[in-house]
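# A closer look at the structure
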Amino acid sequence: MDERKDDTPTAPEEAGLETETLESLRAQAARYREEAERNWQQFLHAAADLENYKKQAARQRDDAVQRTRHSLLYIILGVVDNLERALEHAPDTGGDAIVEGIRMTHRQVLELLSGLGVRPMEAAGMTFDPKYHEAVDVVSAASVHSAPGTIVGEVQKGYLLDSEVLRPAKVRVAK
C-alpha cells in the first residue's frame, strides 16, 4: 500500500499554484504601475503649483515694492511743493542765506528725484488730458483768450515716473 501521507502537491497541482501565483503577481505589478503613474501625475501637478506660487509671490513682491516706491516719492513731492511755495514767497533780493539754502535744497531734491526717474510734466498751454491732468477749476475761454480745453494755469505740478503718471497735474482749464 502506497499511501501518500504527506501534503506535497503533485505536478499538476504545482503548475496550477504557479499559474495562480504568477497571475497574482502580474495583477499586483499592474496595480503598482497605476499607483506609480498617479503619484507621478500628482508630483507634476505639485511642481506646477509650486512654480505658479513662486511667480505669484514674485509679482506680489514687485507690486508691493512699486506701491511703496510710489508712496515715498509722493511724500517727497509734497516736500518739493513746500520748497517751491517758500521760494515763491521769498524776497528776490540776493544774498539771503536762508533763501539760498532753500534753493539749494530744492535743486538737490529735484536732482535726486530725476535720478530715480521722476520728472515734472509741463501742463500750461497744453490740451487737457484726463490721463495726465486733474481739472480743479474752469475759466471762460474768452477771459483768458484761449481755446476751449486748453490748460490756462497750473495749481499743482504733475510728475511722471519713467512714462507713468506719478501725480497728475492739478490745472485750470478754459471752457
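Structural data are supplied above this passage.
Residues numbered from 1 in each chain as written. Predicted model: local features only at pLDDT ≥ 70, side-chain atom pairs only at ≥ 80, totals over all residues. Heavy atoms only, no water.

Turning our eyes to something else, we now look at the overall build of the protein chain. Looking only at helices and strands, the protein chain has three helices and six strands in total. The N-to-C order of helical and strand elements in the protein chain reads α-α-β-β-α-β-β-β-β. Every one of the 175 residues in the protein chain was classed for burial, and the buried ones make up 18%. Excluding contacts between residues fewer than 6 apart, the proportion of contacts in the protein chain whose partners are at least 24 apart in sequence is 64%. (Helix = DSSP H or I, 4+ residues; strand = E, 2+ residues; numbered from the N terminus. Buried < 20%, exposed > 50% of the residue type's maximum accessible area, 1.4 Å probe, protein only. Contact = heavy atoms within 4.5 Å.)

Counting through the fold element by element, Gln156 comes out in strand β3 (residues 151-156). Look at Gln156 and you get buried, because its relative accessible area is 18%. In this view, Gln156 contacts Asp81, Arg167, Ala169 and Lys170; residues no more than four positions away in its chain are not counted.

The final tally for this structure, using the stated rule, is five salt bridges. A salt bridge links Glu23 to Arg26; the nearest nitrogen and oxygen atoms lie 3.4 Å apart. Here Arg26 and Glu23 lie together in helix α1 (residues 11-88), a separation of three residues that amounts to about one turn. In this structure Glu23 comes out as partly exposed when scored by relative accessible area, which is 45%. As a salt-bridge pair, Arg61 and Asp62 come within 3.7 Å of each other at their nearest N and O atoms. Look at Asp62 and you get partly exposed, because its relative accessible area is 41%. (Salt bridge = Lys/Arg side-chain N within 4 Å of Asp/Glu carboxyl O.)

Below, the discussion takes up the sheet that holds strand β6 (residues 169-174). Pairing within the open sheet is mixed, and its three strands lie in the order β2-β6-β3. A single partner strand is all that each edge strand has here, and the edge strands are β2 (133-139) and β3. For this sheet the average axis-to-axis angle between neighbouring strands, irrespective of direction, equals 30 degrees. Looking at chain direction, β3 and β6 are connected through four bridges and run antiparallel. Bridge assignment links Gly153 to a residue of β6, and that residue is Arg172. (Pairing = 2+ DSSP bridges. Axes fitted to C-alpha atoms, helices over the stretch in contact; angles between N-to-C directions.)

Along its 19 residues, helix α2 (residues 97-115) runs 27 Å from first to last C-alpha, staying within 8% of the 27 Å computed at 1.5 Å per residue. Buried residues of α2: Val99, His106, Val109 and Leu113, and no others. An end-on view of α2 places all buried positions within 90 degrees of arc, on one side of the element. Relative to its buried face, α2 has exposed residues pointing more than 90 degrees away, namely Ala97, Gln108, Glu111 and Gly115. (Expected span 1.5 Å × (residues − 1). Arc of directions from axis to C-beta.)

Function cannot be inferred from these measures alone, as they are strictly geometric.
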